[in-house]
Amino acid sequence: MRRKLVFATNNAHKLAEVRAMLDGVIDILSLDDIGCHTDIPETADTLEGNALMKAGYVASHYGLDCFADDSGLEVEALGGAPGVHSARYATDGHDHRANIAKLLAEMRGQAGRRARFRTVIALMEGGRVHCFEGEVTGQITTEEHGCNGFGYDPVFLPDGHAKTFAEMSDGEKNAISHRARAVAALVDYLKSLRP
Ligand code: IMP
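Residues numbered from 1 in each chain as written. Predicted model: local features only at pLDDT ≥ 70, side-chain atom pairs only at ≥ 80, totals over all residues. Heavy atoms only, no water.

(A) Structural context of the pattern of salt bridges. Counted by the stated rule, this structure contains 16 salt bridges. Across the pair Arg 97 and Glu 144 runs a salt bridge whose closest N-O atoms are separated by 2.7 Å. Of this pair, Arg 97 sits in helix α3 (residues 96-107) while Glu 144 sits in the loop between β5 (128-140) and β6 (156-158); the two residues are 47 residues apart in sequence, bridging distant segments of the chain. Overall, Arg 97 belongs to the exposed group, its relative accessible area being 58%. Of the residues examined, Glu 144 reaches a relative accessible area of 35% and is grouped as partly exposed. Notably, a salt bridge pairs Glu 133 with Arg 118, separated by 3.1 Å at the nearest N-O pair. (Salt bridge = Lys/Arg side-chain N within 4 Å of Asp/Glu carboxyl O. Helix = DSSP H or I, 4+ residues; strand = E, 2+ residues; numbered from the N terminus. Buried < 20%, exposed > 50% of the residue type's maximum accessible area, 1.4 Å probe, protein only.)

(B) Region of the structure containing the nonpolar core. One finds Leu 73, Val 75, Leu 103, Ile 140, Tyr 152 and Phe 156 to be the most contacted residues of the largest nonpolar core, which totals 18 residues. For this core, the leading source of residues is α3, giving four residues. Judged by nonpolar contacts, the second largest core, of 17 residues, contains Phe 7, Phe 67, Ala 182 and Leu 186. (Core = buried A, V, L, I, M, F, W, Y, C linked by side-chain atoms within 4.5 Å.)

(C) Up close: the environment of Asp 39. Take Asp 39: it is sitting in the loop between β2 (27-29) and α2 (47-62). Each C-alpha atom of the pair Asp 39 and Ala 20 lies 26 Å from the other, and the pair is 19 residues apart in sequence.

(D) Here's a closer look at the side chain of Asn 99. Here Asn 99 shows up in helix α3. Among the residues examined, Asn 99 registers a relative accessible area of 1% and is labelled buried. Beyond its immediate stretch of four places on either side in the chain, Asn 99 contacts Ser 86, Ala 87, Arg 88, Tyr 89, Ala 90, Thr 91 and Tyr 152. (Contact = heavy atoms within 4.5 Å.)

(E) Inspection of the packing of helix α1 (residues 12-22) against helix α5 (residues 178-192) at higher detail. At a minimum axis separation of 10 Å, α1 and α5 run at an interaxial angle of 40°. As judged from the angle between their axes, α1 and α5 are oblique. Seen along the crossing, α1 lies across α5 with a hand that is right-handed. Contacts between α1 and α5 involve Lys 14, Glu 17, Val 18, Met 21 and Leu 22 from the former and Arg 179, Ala 180, Val 183, Ala 184, Val 187, Leu 190 and Lys 191 from the latter. (Axes fitted to C-alpha atoms, helices over the stretch in contact; angles between N-to-C directions. Parallel < 35°, antiparallel > 145°, perpendicular 65-115°, else oblique. Left-handed = near helix turned anticlockwise from the far one by under 90°.)

(F) A look at the UniProt feature "active site" (unreviewed entry) in the protein. UniProt tags Asp 70 as "active site" (unreviewed entry). For Asp 70, the location among the structural elements is in strand β3 (residues 66-75). Asp 70 has contacts with Glu 42, Leu 47, Asn 50, Ala 51, Lys 54, Val 84, Arg 118, Thr 119 and Val 120, leaving out every residue within four places of it along the chain. Polar side-chain contacts of Asp 70 include one of 3.2 Å to the side chain of Asn 50. (UniProt positions renumbered as here; feature names shortened; annotations may be inferred. Polar contact = N/O pair within 3.5 Å; in protein donor to acceptor, adjacent residues only side chain to side chain.)

(G) Region of the structure containing α1. Along α1, the positions that sit buried rather than exposed are Lys 14, Leu 15, Glu 17, Val 18 and Leu 22. Each buried residue of α1 sits inside an arc of 165° when the element is viewed along its axis, so together they form one side. Turned more than 90 degrees off the buried face of α1, the exposed positions are Ala 12 and Ala 20. Along its buried surface, α1 packs onto β1 (4-7), β2, β3, α4 (170-176) and α5. Following α1 by one or two positions, Asp 23 has its phi on the positive side, about 45°. (Arc of directions from axis to C-beta.)

(H) Region of interest: empty space enclosed by the protein. Under the counting rule described, the total for this entry stands at one cavity of 30 Å³ or more. The calculated volume of the largest cavity comes to roughly 40 Å³. Considering the residues around the largest cavity, the lining is formed by Phe 7, Lys 14, Glu 17, Val 18, Asp 69, Thr 119, Ile 121, Arg 179 and Val 183. For the lining of the largest cavity, the secondary structure elements donating two or more residues are α1, β4 (114-125) and α5. Here the lining of the largest cavity gets three residues from one element, more than from any other, and that element is α1. In the lining of the largest cavity, the residues fall into four nonpolar, one polar and four charged. (1 Å grid on protein atoms, 1.4 Å probe; cavity = no way out; pocket = protein on both sides within 12 Å on 5 of 7 lines; lining within 4 Å. Points joined across faces, edges and corners; volume = space filled by probe spheres on them. Nonpolar A, V, L, I, M, F, W, Y, C, P; charged D, E, K, R; others polar.)

Given below as structure tokens:
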């Protein structure tokens, strides 16, 4: 029987990405699949802390091995903000337009525009914790370019590329993204455990 592992999310896009990369090696269950309909708290002040909170919640309430992710945009000139607060930078909701407007306003007049996206994945396995990380470095543009993707994609220009994330296709972004890199590290580890 194939091993089962919970991914503490109901985000269809993230689930499909991980399932495709594991290619039938491990069955990935969503929060819906295990009947978890709680809004799991994410109140830590680091990406690591939030990923651990989510994975730990499932492990302790359901007794299942689990992993969870948390991502954010860290801007050097803003001391790493919005960071762990990326989703709720401007408002209480996930208002991407307002978040971008606030970021561009904070960056007005800043000479240094270096930034990175970072993803942390925490895996709780047999009571032990493993963390995996992925990042992509780049620059914050002075205005929005492109309309693909989500979040801060229209203002993030990855190093070595002439297009923002929002001007890239899904395939182009996934080849270099922070999330894809963290997922790849997790998948390498999980595949290495196979008998
Ligand atoms: P999450 O942990 O994947 O839900 O990401 C938290 C927040 O970080 C999102 O709501 C976005 O504001 C931002 N973010 C994370 N990954 C990306 C990305 O790939 N592009 C743009 N924004 C992102």
